Amino acid sequence: MPCGARFRAAVLELAAMRGVGVPVLATAALLLAPEGAVDPGPQDAGGQAVLEVGSANPSDDASDAAIRKALAAALALADPGARILPGEDVRRLEATVETLGYRNKTLAHALQRLSFQPLDGRITEVRDAAQLFGFVNEWCFDEDQVRRRFRELAPVYHPDTGIVACRERMGQLIDARNLLVHHVRSVYGSGDWMAKRGGPSA
């Protein structure tokens with residue numbers, strides 16, 4: 001049977017590991033091969049090879065493609081992380097994935113509607129930066145809160161991976177974070193921070 005060189009080596013290794021010959025392995029694989037298995041083809045990255053399935057051909061009617069598919073399934077199942085699931089479980093998982101995908105789109109649309117609209121230009125006012133981060137005013141947070149809020153918001157607006165991907169919003173979040181951190185450090189360093197916040201009890 002023509003097959004890829006790497007495929008042949010993997011089949012021989014699996015047969016040796018199971019302590020059987022390739023014909024026995026192929027026979028068992030044909031009995032268990034799932035429908036819709038993929039034919040790895042007569043060639044792979046290692047080149048072409050020929051696999052001897054011997055005189056005990058798994059089935060007189062089995063084509064080379066069918067035997068390759070079955071052996072490919074056997075190799076996949078030999079992976080320690082492989083799991084066999086009943087068809088009903090697979091269908092239930094697929095339905096769950098579809099439902100989660102729909103909910104994700106719904107949440108993304110809701111976030112889009114609720115999200116801040118980018119301001120014109122760069123963020124230069126502390127008040128605007130505080131509002132962007134959801135703070136009541138420019139005295140109700142510290143540096144840790146700013147960084148924590150940025151870590152919460154950045155994944156939402158990241159232009160490559162965000163749920164509501166937006167390069168302009170992301171840029172303004174970065175501007176706002178830098179401005180707020182500078183604000184905290186400069187005002188706190190001047191000794192005015194606790195007074196502005198209303199003293200130690202604030």
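Up top you'll find the structure we're talking about.
The written sequence of each chain sets the order in which its residues are numbered from 1. Reporting in this predicted model follows two pLDDT cut-offs: at least 70 for local features of residues, and 80 or more for side-chain atom pairs to be given and counted; totals over whole chains, interfaces and linings ignore these cut-offs and use all residues. To get the side-chain values, all heavy atoms of the structure are used, and hydrogens and water are removed first.

Caption draft 1: Spatial organisation of the packing of helix 2 (residues 22-32) against helix 3 (residues 64-78). Geometry is summarised by axes, namely lines fitted to C-alpha atoms with helices restricted to the contacting stretch, and by angles between N-to-C directions that run from 0 to 180 degrees. Helical segments are the DSSP runs of H or I of at least four residues, strand segments are the runs of E of at least two, and each set is numbered from the N terminus. One can describe the packing of helix 2 onto helix 3 by two numbers: an axis separation of 8 Å at closest approach and a directional angle of 90°. Taken together, the axes of helix 2 and helix 3 are roughly perpendicular relative to one another. Touching Leu25, Ala26, Ala29 and Leu30 of helix 2 are Ala66, Ile67, Ala70, Leu71 and Ala74, all from helix 3. Amino acids are sorted into nonpolar (Ala, Val, Leu, Ile, Met, Phe, Trp, Tyr, Cys and Pro), charged (Asp, Glu, Lys and Arg) and polar (every other residue, Gly among them). Split by residue class, the contact of helix 2 with helix 3 holds nine nonpolar, no polar and no charged. The labels follow the angle: roughly parallel below 35 degrees, roughly antiparallel above 145, roughly perpendicular from 65 to 115, and oblique for the rest. Throughout, a residue-residue contact means that at least one pair of heavy atoms, one from each residue, lies within 4.5 Å.

Caption draft 2: Looking closely at the environment of Leu77. Its location among the elements puts Leu77 in helix 3. Sequence-wise, Leu77 and Ala33 are 44 residues apart; in three dimensions their C-alpha atoms are separated by 10.0 Å.

Caption draft 3: Quick peek at the sheet that holds strand 2 (residues 43-44). By definition, two strands form a pair when at least two bridges between them are found by DSSP. Across the sheet, three strands lie side by side as 1-3-2; this open sheet has antiparallel pairing. Only two strands of the sheet have a single partner each, and these edge strands are strand 1 (2-4) and strand 2. Note: strand 2 against strand 3 (residues 47-50), two bridges, orientation antiparallel. Pairing of Asp44 across the sheet is with Gly47, part of strand 3.

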